[in-house]
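Coordinate inspection notes
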Amino acid sequence: MPPRRSLVRTAAALLGLATAFSLTACGNSADDTTGTVAAKGAGGSGSKINLGPDQNRVTTPKVDSIAALVPEAIRKRGTLEIVGTTGTAPPLGFYATDDKTVIGVEPDIASLIANVLGLKPHYNTVDWANIFVGLDSGKYDAGLSNITVTEERKEKYDFATYRLDNLAFEAKKGAGWKVSKPADVAGRTIGVGSGTNQEKLLVTWSEQNVKKGLKPTDIKYYQNATDYYLALGSGRLDAYLGPNPTAAYHVASVGQTEIIGTYSGGGADVQGEIAATTKKDNGLIKSIQEALNTVIKNGTYQKVLDRWGLANEAVSSSELNPKGLPKTNQ
């Protein structure tokens, strides 16, 4: 696998769900490292996106009444133990140009939550499966890593929503086909991350197609972005199904792929939503929800989404344990 810095060098763009950006990367001539990204929207106004370790994150004041809702053990500790994955999913969570500082929209939102709660955010980076292992054991307080609310997960975890969840099929540029329904992936070779809701959706679609007499989907599993991008480029994959922000970011950054279809992360029955995740009934989720609604109202939440080009994924309020991806659609 190439070094993480290679991922940063490809970060030449930030793209929302429906907003096209023209892009200019500002490099450091000394080490050829991309330090900022200048993104211009349809209105012509540009903003620089900082990819370096000194993030100067958007901050917000502590709210004593909400901080008082935090379980006593966490208040005494003084830190909010946040867990997520990094290195594979710009602009959600990835490494800065120093290859070690965690940056992206997810840590920025986690930082705002910690601000309101009067806690110092501490970021823990693990692989996807260990997010839930760590939450189960109490090692981590909250997961912020593009986690979709599902009815199955609600049996073990509590959720406070903070972004819309949409998925995207990304294919090599000029693929000449589109995806809007299950039949469109029949007989295709599609890549996906193991243990994700994208995988569950793709498996369900393939099963539905087989029942109708269509060919199954050949599902290939990947954990690292560099691997599935190589597979797309070489033609070993017809498409890769992943989070829309990640796909849009890569499409705009590299210019060698295209999005050939999007779909709600919640499936056909519900609009998927991304949420902060805690172990069920550990007493923390209400304070996180209140913190999220505070930053939504005071505008700092919107500043974070704007900063990373994801304004189109904003929610008007944080919901506690809303309707999630149905079990029958997983």
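Residues numbered from 1 in each chain as written. Predicted model: local features only at pLDDT ≥ 70, side-chain atom pairs only at ≥ 80, totals over all residues. Heavy atoms only, no water.

Once that is clear, we can look at the overall build of the protein chain. Scanning the protein chain from N- to C-terminus turns up 10 helices and 14 strands. A total of 330 residues make up the protein chain; the buried ones form 54% of that total. Here the analysis covers contacts within the protein chain between residues at least 6 apart in sequence; of these, 74% occur between residues at least 24 apart. Roughly 13800 Å² of accessible area belongs to the protein chain as shown, and the carbon and sulfur atoms make up 50% of that amount. (Helix = DSSP H or I, 4+ residues; strand = E, 2+ residues; numbered from the N terminus. Buried < 20%, exposed > 50% of the residue type's maximum accessible area, 1.4 Å probe, protein only. Contact = heavy atoms within 4.5 Å. Areas by Shrake-Rupley, 256 points an atom, 1.4 Å probe, with all protein chains shown as cover.)

Considering all chains together, one arrives at eight aromatic pairs under this definition. Ring plane angle 80 degrees and centroid distance 6.4 Å describe the contact between Y222 and Y228, whose orientation is recorded as edge-to-face. Classification of Y222 by relative accessible area gives buried; the value is 14%. Within the aromatic cluster, the residues linked to one another by ring pairs are Y222, Y228, Y229 and Y240. The positively charged end of R188 is found above the aromatic ring belonging to W177, 3.9 Å away from the centroid. (Phe/Tyr/Trp six-rings, centres within 6.5 Å; stacked < 30°, edge-to-face > 60°. Lys NZ or Arg CZ within 6 Å of the ring centre and 35° of its normal.)

Another aspect to go through is the nonpolar core. Ranked by internal contacts, the top residues of the largest apolar core, which has 40 residues, are V105, I109, I113, L144 and I288. Taken together, the elements giving at least two residues each to this core come down to β4 (79-84), α4 (105-117), β9 (157-172), β14 (272-279), α9 (285-298) and α10 (300-307). Per-element tally for this core: the top contributor is α4, with eight residues. Those residues in contact with I113 that sit more than four places away from it in its chain are L80, L144, I288, A291 and L292. Grouped together as the second largest cluster of nonpolar side chains are 16 residues, L167, A171, W177 and I219 included. (Core = buried A, V, L, I, M, F, W, Y, C linked by side-chain atoms within 4.5 Å.)

It is worth spelling out the pattern of salt bridges at this point. Side chains that carry opposite charge are capable of pairing whenever their charged atoms lie near each other. Using the criterion set out here, one finds 14 salt bridges in the structure. Across the pair K154 and E151 runs a salt bridge whose closest N-O atoms are separated by 3.0 Å. You can call K154 buried: its relative accessible area is 18%. In this structure, D158 and K280 form a salt bridge, with 3.3 Å as the shortest nitrogen-oxygen distance. With D158 in strand β9 and K280 in the loop between β14 and α9, the pair connects residues that are 122 residues apart, well separated along the chain. A residue is classified by how much of its surface remains accessible, and K280, at 31% relative accessible area, is partly exposed. One salt-bridge network, held together by shared partners, links R57, D108 and R307. (Salt bridge = Lys/Arg side-chain N within 4 Å of Asp/Glu carboxyl O.)

Another aspect to go through is the environment of T278. On the secondary structure map, T278 appears in strand β14. Separated by 140 residues in the primary sequence, T278 and G138 have C-alpha atoms spaced 9.2 Å apart. If we ignore the near neighbours within four places in the chain, the residues touching T278 are D141, A142, K156, Y157, D158, L284, I285 and I288.

Turning our attention to the pairing of β14. A large share of β14 lies buried, amounting to seven of its eight residues. Sheet topology note: the β9/β14 ladder contains eight bridges and is antiparallel. Residue Y157 lies in a different strand from β14, and its bridge partner there is K279. (Pairing = 2+ DSSP bridges.)

Attention now goes to the confidence of the model for the protein chain. Detailed reading of the predicted model is not advised wherever pLDDT is low. In this model, the protein chain carries a mean pLDDT of 84, and residues with pLDDT of at least 70 account for 83%. Across residues 1-34, confidence stays below pLDDT 50; counting only partners more than four residues off in sequence or on other chains, it has 87 contacts. Note that pLDDT drops below 50 for residues 37-47; the model gives that stretch 26 contacts with residues more than four away or on any other chain. (pLDDT = per-residue confidence, 0-100.)

Moving on, we come to the side chain of S206. Positionally, S206 belongs in helix α6 (residues 197-211). Excluding anything up to four places from it in sequence, S206 contacts P216 and T217.

Another aspect to go through is the environment of S264. Positionally, S264 belongs in strand β13 (residues 257-264). The contact partners of S264, leaving out residues within four places of it in the chain, are D165, N166, L167, V270, Q271 and G272. A polar side-chain atom of S264 sits 2.9 Å from the main-chain carbonyl oxygen of V270. At a separation of 2.9 Å, a polar atom in the side chain of S264 contacts the main-chain amide nitrogen of G272. (Polar contact = N/O pair within 3.5 Å; in protein donor to acceptor, adjacent residues only side chain to side chain.)

Time to look at helix α5 (residues 128-137). Side chains of residues three or four places apart in an α-helix project in the same direction, reflecting 3.6 residues per turn. Taken together, the buried positions of α5 are occupied by W128, I131, F132, G134 and L135. The arc that holds every buried residue of α5, seen down its axis, measures 160 degrees, which confines them to one face. Of the surrounding elements, those touching the buried residues of α5 are β4, β8 (142-143), β9 and β14. Among the residues trailing α5, G138 stands out with phi positive, at a value near 85 degrees. (Arc of directions from axis to C-beta.)

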